[in-house]
Amino acid sequence: MTGAPQWQDAVARGLDAAIADYRRDNPGSARYRETAADVLPGGGTRSSYHFAPFPLVLACGSGDRVSDVDGRTRLDLNANFGVSVHGHGFAPIVEAVRAQSERGFCFAAPNPLEAELARRICERVPSIELLRFTSSGTEAVMAALSVARAFTGRRRVAKLHGGYHGSSDFGTANGPGSAPDLGSNSARAAAVPADILPLSVDEPDRLVASLREAADDLAAVVVEPVQGAAGLIQVPPELLARIRSVTQELGILLIFDEVMMFRMHRGGVQSMLGLRPDLTVLGKLIGGGLPVGAFGGRADIMGLFDPFREGAIRLAGTYNGNPMTMAAGIACLDALEEADFTRMDHLAQALAGAGNAVLARRVVPASIVAAGGFFCLHALPRPARSHAQLLQQDQALHRLLHLGLINEGVLVTPTGMGVVSTRTGPAEVDEFGAALERVLARYLRPAQA
Ligand SMILES: Cc1ncc(COP(=O)(O)O)c(C=O)c1O
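These numbers come from a predicted model, not from an experiment. (Residues numbered from 1 in each chain as written. Predicted model: local features only at pLDDT ≥ 70, side-chain atom pairs only at ≥ 80, totals over all residues. Heavy atoms only, no water.)

Moving on, we get to the packing of aromatic side chains. Centre distance and the angle of the planes are the two values used to describe a pair of aromatic rings. Under the counting rule described, the total for this entry stands at four aromatic pairs. Aromatic pair Y22 and F54: ring centres 5.0 Å apart, planes at 40°, arrangement tilted. Placement of the pair is Y22 in helix α1 (residues 4–25) and F54 in the loop between α2 (27–36) and β1 (58–62), with a sequence separation of 32 residues. Like Y22, the residue F54 is buried in the burial classification. A connected cluster of aromatic rings, assembled from ring pairs, spans Y22, F51 and F54. Sitting over the ring of F374, R263 keeps its end group 5.7 Å from the ring centre. (Phe/Tyr/Trp six-rings, centres within 6.5 Å; stacked < 30°, edge-to-face > 60°. Helix = DSSP H or I, 4+ residues; strand = E, 2+ residues; numbered from the N terminus. Buried < 20%, exposed > 50% of the residue type's maximum accessible area, 1.4 Å probe, protein only. Lys NZ or Arg CZ within 6 Å of the ring centre and 35° of its normal.)

As structure tokens, this is what we get:
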């Protein structure tokens, strides 16, 4: 399939056909959207799960499968953006949550499970000496910024273009995660408040110079070392090492946002890179599927929250460290050891390999990257190496592949990202490859002469 206009026509026709099939196959989801729109803007409550013509409405999940409201079951490689590392209904988590629910959902008091989960995280991530829980990754990022400002006495915070840091004004400024559908087009994203210093990874020397120029009033640099929402883009390790050394020299705190990518390795991305940030933000899988966030790091910084200290920073939160989440998180981490991460990494690589072979055979200008149990579809002939490159994607082809995969029984995120879980095996890798093959055969047939 060559020749740009013919190719674009073929993609446009394929996308129309995929949308028509999707509408036909999912009447229950379409009806739900219409009725829910009476009370929820557009029929939903989470921008990141939205896609046109309407999101699939899920009724239940079991293992690595989810069923929609029309009763159709699919392979779930979305897994709530990676949260469900053991799939759905994982017995140890279900049992831990059930047992805790009989003891009480939540209390306005410390509960022993808080320290149990915290201990597990500190043991896995040596840079985290003390930590605090929140109810979401967004809140954890915001609290990390507060403590960074309090500790340094400085006001501004730098962030890298392409990193997504939650749905706060800080998290979305500078083109949030700026993947399509994640809010890059939101009005909020257009304005970068003066206390945020946006940095581009495409110009490392400029980036370091900006840090030096701003140092006097720069409290922290927040980095998502592997940018998940932005298409699984690895910030170059040599740049991360430079940022670490220059921040250390200038007294700027380095904060790693590993909310999503903590899933890549037992000790997080930082242990893969051999870097030690001052603070780390976590979320998603550490709550075993229940709402969670956490941030932690150097004891001299986190100690500012110690209420026994004069002038301690107050950080309240009705659900911080709630026992249901703590119980689920403990059960989740206890079933996740070094070998599981290695296995998931290999499986995701195999899945990307199977998909790339199909794409290459059919000469489709798209590719799949994989790392640490994640994979991501880029509608580009070669994988993007920066967020700026990813923004050049063929959006119609990307939508076609996403919807086509749903039509053929496989869920990935609207940004084309997916994960394998501890439930995934070689059969699911083959299933993905076969589904992609059917998508291309069904929706990208050359025009009839
Ligand atoms: C890197 C990163 N930081 C922060 C967040 C925000 O976490 P939450 O959605 O729990 O608020 C996310 C969510 O996807 C994320 O991927």
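The next point concerns the pairing of strand β14 (residues 374–378). By the criterion of burial, β14 is predominantly enclosed, with five of the five residues buried. Neither face of β14 is left uncovered, since the one carrying F374, C376 and H378 and the one carrying F375 and L377 both have all their residues buried. Where strand β13 (residues 367–371) lies against β14, five bridges are found, and the strand directions are antiparallel. Residue pairing across strands places V369 opposite C376, the latter belonging to β14. Across three bridges, β14 lies against strand β16 (residues 417–419) in antiparallel orientation. Each bridged residue has a counterpart across the sheet, and for F375 the counterpart in β16 is G418. (Pairing = 2+ DSSP bridges.)

This part takes up the sheet that holds β13. Pairing within the open sheet is antiparallel, and its three strands lie in the order β13-β14-β16. Since the sheet does not close on itself, it has two edges, and those belong to β13 and β16, each with one partner. Averaged over all pairs of adjacent strands, the angle between their axes in this sheet comes to 20°, without regard to strand direction. The sheet strands contacting helix α13 (residues 338–361) are β13 and β14, and the helix crosses β13 at an angle near 170°. (Axes fitted to C-alpha atoms, helices over the stretch in contact; angles between N-to-C directions. Contact = heavy atoms within 4.5 Å.)

Our next topic: the side chain of H398. With respect to the helices and strands, H398 occurs in helix α15 (residues 395–407). Excluding residues within four positions of it along the chain, H398 makes contact with L377, A379, Q393, P414, T415 and G416.

Time to look at the sheet that holds strand β6 (residues 196–199). Strands sit in the order β4-β12-β11-β10-β7-β5-β6 across an open sheet of seven strands; the sheet is mixed. Only two strands of the sheet have a single partner each, and these edge strands are β4 (130–134) and β6. This sheet shows a mean twist of 20° between the axes of neighbouring strands, independent of strand direction. Taken together, the four bridges between strand β5 (residues 156–160) and β6 define a ladder with parallel strand orientation. Bridge pairing in β6 links L160 to L199.

The next point concerns the domain arrangement of the protein. Taken as a whole, the protein is organised into domain 1 (4–76 + 337–443) and domain 2 (91–334). Each of domain 1 and domain 2 was reduced to a C-alpha centroid, and the two centroids are 28 Å apart. Listed as interface residues are 30 residues of domain 1 and, on the opposing side, 25 residues of domain 2. Three residues, F341, F374 and H387, lead the burial of domain 1 against domain 2; their summed loss comes to 30% of the area buried on that side. Put simply, domain 1 and domain 2 have two salt bridges between them. Residue R266 pairs with E337 through a salt bridge whose shortest N-O separation is 2.8 Å. Elements that contribute at least two residues to the side of domain 1 that touches domain 2 include exactly α13, β13, β14, α14 (387–390) and β16. No other element matches β14, which puts four residues into the side of domain 1 that touches domain 2. When its residues are assigned to classes, the side of domain 1 that touches domain 2 shows 16 nonpolar, 11 polar and three charged. (Domains from an automatic or database assignment. Buried area = accessible area lost by both parts, 1.4 Å probe. Salt bridge = Lys/Arg side-chain N within 4 Å of Asp/Glu carboxyl O. Nonpolar A, V, L, I, M, F, W, Y, C, P; charged D, E, K, R; others polar.)

The ligand sits among S136, G137, T138, Y164, H165, G166, E224, D257, V259, M260 and K284. In the environment of the ligand, an oxygen atom lies 2.5 Å from a nitrogen or oxygen atom belonging to the side chain of T138. K284 places a polar side-chain atom, nitrogen or oxygen, 2.7 Å from an oxygen atom of the ligand. Computed on the free molecule, the ligand has an accessible area of 390 Å², of which 83% lies beneath the protein chains in the complex. Looking at the shell around the ligand residue by residue, the classes come out as three nonpolar, five polar and three charged. (Near = heavy atom within 4 Å. Polar contact = N/O pair within 3.5 Å; in protein donor to acceptor, adjacent residues only side chain to side chain. Areas by Shrake-Rupley, 256 points an atom, 1.4 Å probe, with all protein chains shown as cover.)

On to the environment of L400, then. Tracing the backbone shows L400 in helix α15. Residues L400 and L440, spaced 40 residues apart in sequence, show a C-alpha to C-alpha distance of 9.4 Å. Aside from chain neighbours lying at most four places away, what touches L400 is V11, G14, L15, V439, Y443 and L444.

What follows concerns the environment of A52. Looking at where A52 falls in the secondary structure, it is placed in the loop between α2 and β1. Looking at A52, the relative accessible area reads 37%, which means it is partly exposed. Here the alpha-carbon distance between A52 and I19, two residues 33 residues apart in the chain, equals 8.5 Å. Not counting residues within four places of it along the chain, the set of residues in contact with A52 comprises R399 and L403.

Counting residues in each nonpolar core, the largest one holds 73 residues, and the members touching the most others are I121, F133, L397, L401, L405 and F432. If you count residues domain by domain, this core takes at least three from each of domain 1 (4–76 + 337–443) and domain 2 (91–334). Apart from residues no more than four positions distant in its own chain, I121 is found in contact with I128, L131, F133, L282, I286 and L333. Within the second largest apolar cluster, 24 residues are counted, among which are A143, V222, M302 and L304. (Core = buried A, V, L, I, M, F, W, Y, C linked by side-chain atoms within 4.5 Å.)

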